[in-house]
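# Remarks on the overall topology
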Amino acid sequence: MPVSRVPEHRFGASLKLLARFGSVGIVATILYAALVAVFAGSERIGLAPVQASLAAYAAAAVFSYLAHKFFTFMSAGSHRTEAPRFLLLTATGLAVAYAAPSLLTETFGLPLFVPVLLTCLVIPALNFLMLDRWVFARRGGRDETSA
């Protein structure tokens, strides 16, 4: 049986896309951490830790949406379509990050590192696929229905 090979130019393009995706994720994570510190640590702002975390997460999500739209996926789709999809995907990831430790540690008695590791591996991989195939599917002359 012949082995199917990905053309070299497609492989290189895929690596570049993954690199852009990863760099946006790293910057969004650093932004989140810095904003939590500012929001919770500033006497002027002085948010409680949970409020600071949620505000920072929201700000990092806005950054992430714009960076993925214009830098990672270079989407030509409308904000009206893509922003709600991104918001739903982000909320789903947040829900999984909340539910996984509860379910896997409290219900099944697994150590905390298991759900944290699963969340750190599964959510970015699923996000990449969903961002590529659903949220920002309209780019480079390809419309949302042809993917």
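Residues numbered from 1 in each chain as written. Predicted model: local features only at pLDDT ≥ 70, side-chain atom pairs only at ≥ 80, totals over all residues. Heavy atoms only, no water.

### Considering the packing of helix H3 (residues 79–107) against helix H4 (residues 113–135)
Selection criterion: Note on method: axes are straight lines fitted to C-alpha atoms, helices fitted across the in-contact stretch only, with angles between N-to-C directions ranging 0 to 180 degrees. In DSSP terms, a helix is any run of H or I states spanning at least four residues, a strand is any run of E spanning at least two, and both are numbered starting from the N terminus. Oblique is the label for any angle not covered by the other classes, which are roughly parallel (under 35 degrees), roughly antiparallel (over 145) and roughly perpendicular (65 to 115). Left-handed describes a crossing whose near helix is turned anticlockwise from the far helix by less than a right angle; the clockwise case is right-handed. The contact criterion used throughout is that any non-hydrogen atoms of two residues lie within 4.5 Å. Side-chain classes are defined by residue name, with Ala, Val, Leu, Ile, Met, Phe, Trp, Tyr, Cys and Pro counting as nonpolar, Asp, Glu, Lys and Arg as charged, and the others, Gly among them, as polar.
H4 packs onto H3 with a crossing angle of 160 degrees between their chain directions and a minimal axis gap of 10 Å. In terms of orientation, H3 lies roughly antiparallel with respect to H4. Both H3 and H4 take part in a crossing whose hand is right-handed. Within the contact between the two elements, H3 uses Glu 82, Arg 85, Phe 86, Leu 88, Leu 89, Gly 93, Val 96, Ala 97, Ala 100, Pro 101, Leu 104 and Thr 105 and H4 uses Pro 115, Leu 118, Thr 119, Ile 123, Asn 127, Met 130, Leu 131, Trp 134 and Val 135. Considered class by class, the residues forming the contact of H3 with H4 number 15 nonpolar, four polar and two charged.

### Digging into the pattern of salt bridges
This is how it is decided: Each salt bridge in this description consists of a side-chain nitrogen of Lys or Arg and a carboxyl oxygen of Asp or Glu lying within 4 Å of one another. Using a 1.4 Å probe on the protein chains alone, a residue whose accessible area is under 20% of its type maximum counts as buried, one over 50% counts as exposed, and one in between counts as partly exposed.
Under the defined criterion, the tally for this structure stands at two salt bridges. The partner of Glu 82 in a salt bridge is Lys 69, and the shortest N-O contact between them spans 2.5 Å. Residue Glu 82 is located in helix H3, and its partner Lys 69 is located in helix H2 (residues 49–72); the two are separated by 13 residues in the primary sequence. Relative accessible area serves as the criterion here: at 2%, Lys 69 is assigned to the buried category. Arg 133 is the salt-bridge partner of Asp 132, the closest N and O atoms lying 3.4 Å from each other. Residue classification places Arg 133 among the partly exposed residues on the basis of a relative accessible area of 48%.

### A short note on a nonpolar patch on the surface
The following threshold applies: Candidates for patches are residues over 30% relative accessible area with no salt bridge; among them, like charges are joined within 9 Å and nonpolar side chains (Val, Leu, Ile, Met, Phe, Trp, Tyr) within 5 Å. For the accessible areas, the method is Shrake-Rupley and the probe is 1.4 Å, while residue cover comes only from the protein chains on display.
On the surface, Phe 113, Leu 117, Leu 118, Leu 121, Val 122, Leu 126 and Leu 129 cluster together to form a nonpolar patch covering roughly 670 Å² of accessible area. Its location among the elements puts Leu 129 in helix H4. Among the residues examined, Leu 129 registers a relative accessible area of 46% and is labelled partly exposed.

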